[in-house]
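Geometric and topological summary
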Amino acid sequence: MIWALLAILGVPLWLVAGALGAAVWNRSRVTNEAGSFTIRLRSVHGVSHGTWSRKARARWMHDVLIVSRGPGLGQTSGYPVASQARAPHPDPATCKGLGDAPIALSIGTDHGDSFEIAAAADDADLLFLPFS
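Residues numbered from 1 in each chain as written. Predicted model: local features only at pLDDT ≥ 70, side-chain atom pairs only at ≥ 80, totals over all residues. Heavy atoms only, no water.

**A word on the overall build of the chain**
From N to C terminus, the chain includes 2 helices and 7 strands. Listing each helix as α and each strand as β along the chain from the N terminus yields α-β-β-β-β-β-β-β-α. The globule rule puts the C-alpha radius of gyration for 132 residues at 14 Å, and the 19 Å found for the chain is more than 25% above it. Along the first, second and third principal axes, the C-alpha atoms of the chain reach 65 × 30 × 30 Å. In the chain, which comprises 132 residues, the proportion classed as buried is 34%. A sequence separation of at least 24 residues applies to 44% of the contacts in the chain between residues at least 6 apart. Surface summary for the chain: the accessible area is close to 8,300 Å², and the carbon and sulfur share equals 62%. (Helix = DSSP H or I, 4+ residues; strand = E, 2+ residues; numbered from the N terminus. Rg over C-alpha atoms; globule rule 2.2 N^0.38 Å. Buried < 20%, exposed > 50% of the residue type's maximum accessible area, 1.4 Å probe, protein only. Contact = heavy atoms within 4.5 Å. Areas by Shrake-Rupley, 256 points an atom, 1.4 Å probe, with all protein chains shown as cover.)

Here it is, written out as structure tokens:
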């Protein structure tokens, strides 16, 4: 009887441990990838701006911004950039976790969406990489 109980409880515990291990491994892999930097992203609709997202990791692949989000950085999105411009410096109080003087880039995608990307000032060379 005890073996049946352990078998029933043991399988879900191993599944949870395996899922957590995979999430930690993926987060480490994405964070240590060459050219990866921390960002916050927000959507721009005309003159109104949304709120800044949670921190995510991003990297450039040609003119496409690859953004990884989530606890294990397992949610990945690609933003093909059609236009770009420097954006005003975001307020550090609303864009937390990117240092005292974050910088921003405004992009327009091939699909017609507009976004602002904020990054730490130390990551300016990575943020503006495809446009320098």
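Structure shown, so let's carry the discussion forward.
**Side note on the pattern of salt bridges**
Scanning all chains against the criterion turns up 2 salt bridges. For Arg59, the salt bridge identified is with Glu33, shortest N-O distance 2.9 Å. Of the two residues, Arg59 sits in strand S3 (residues 56-61) while Glu33 sits in the loop between helix H1 (2-31) and strand S1 (37-45), which places them 26 residues apart along the sequence. In this structure, Glu116 and Arg42 form a salt bridge, with 2.8 Å as the shortest nitrogen-oxygen distance. Taken as a pair, Glu116 in strand S7 (residues 114-119) and Arg42 in strand S1 lie far apart in primary sequence, 74 residues in all. For the pair formed by Glu116 and Arg42, the shared burial category is buried. (Salt bridge = Lys/Arg side-chain N within 4 Å of Asp/Glu carboxyl O.)

**Thoughts on unusual backbone geometry**
With glycine set apart, most residues show a phi of negative sign, and most peptide bonds adopt trans. With a phi close to 60°, His62 is a non-glycine residue in the positive phi region. Along the polypeptide, His62 turns up in the loop between S3 and strand S4 (64-69). By relative accessible area, His62 is classed as exposed at 73%.

**What about the environment of Pro71?**
Within the element layout of this structure, Pro71 appears in the loop between S4 and strand S5 (75-87). The spacing of Pro71 and Val24 is 47 residues in sequence and 8.7 Å in space, taken between C-alpha atoms.

**A closer look at the pairing of strand S6 (residues 103-109)**
Burial within S6 is extensive, with 6 of its 7 residues counted as buried. By the bridge criterion, 6 bridges tie S5 to S6 in an arrangement that is antiparallel. The residue of S6 that forms the bridge with Val81 is Thr109. The pairing of S6 with S7 spans 6 bridges and is classified as antiparallel. (Pairing = 2+ DSSP bridges.)

**Considerations on the nonpolar core**
One finds Phe37, Ile39, Leu65, Val67, Ile117 and Leu127 to be the most contacted residues of the largest nonpolar core, which totals 18 residues. For Leu65, the residues in contact, after removing those within four places along its chain, are Phe37, Ala58, Arg59, Trp60, Ser77, Gly78, Tyr79 and Ile117. (Core = buried A, V, L, I, M, F, W, Y, C linked by side-chain atoms within 4.5 Å.)

**What to know about the confidence of the model for the chain**
With 92% of its residues at a pLDDT of 70 or more, the chain has an overall mean of 80. When pLDDT is averaged over each element of the chain, S3 comes out on top at 88 and strand S2 (residues 48-49) at the bottom at 62. (pLDDT = per-residue confidence, 0-100.)

**Describing the environment of Thr109**
Summarising the element assignment, Thr109 is placed in strand S6. Considered as a pair, Thr109 and Ala82 are 27 residues apart in the sequence and their alpha carbons are 5.1 Å apart. Ignoring anything within four residues of it in the chain, the contact list for Thr109 reads Tyr79, Pro80, Val81, Ala82 and Phe115.

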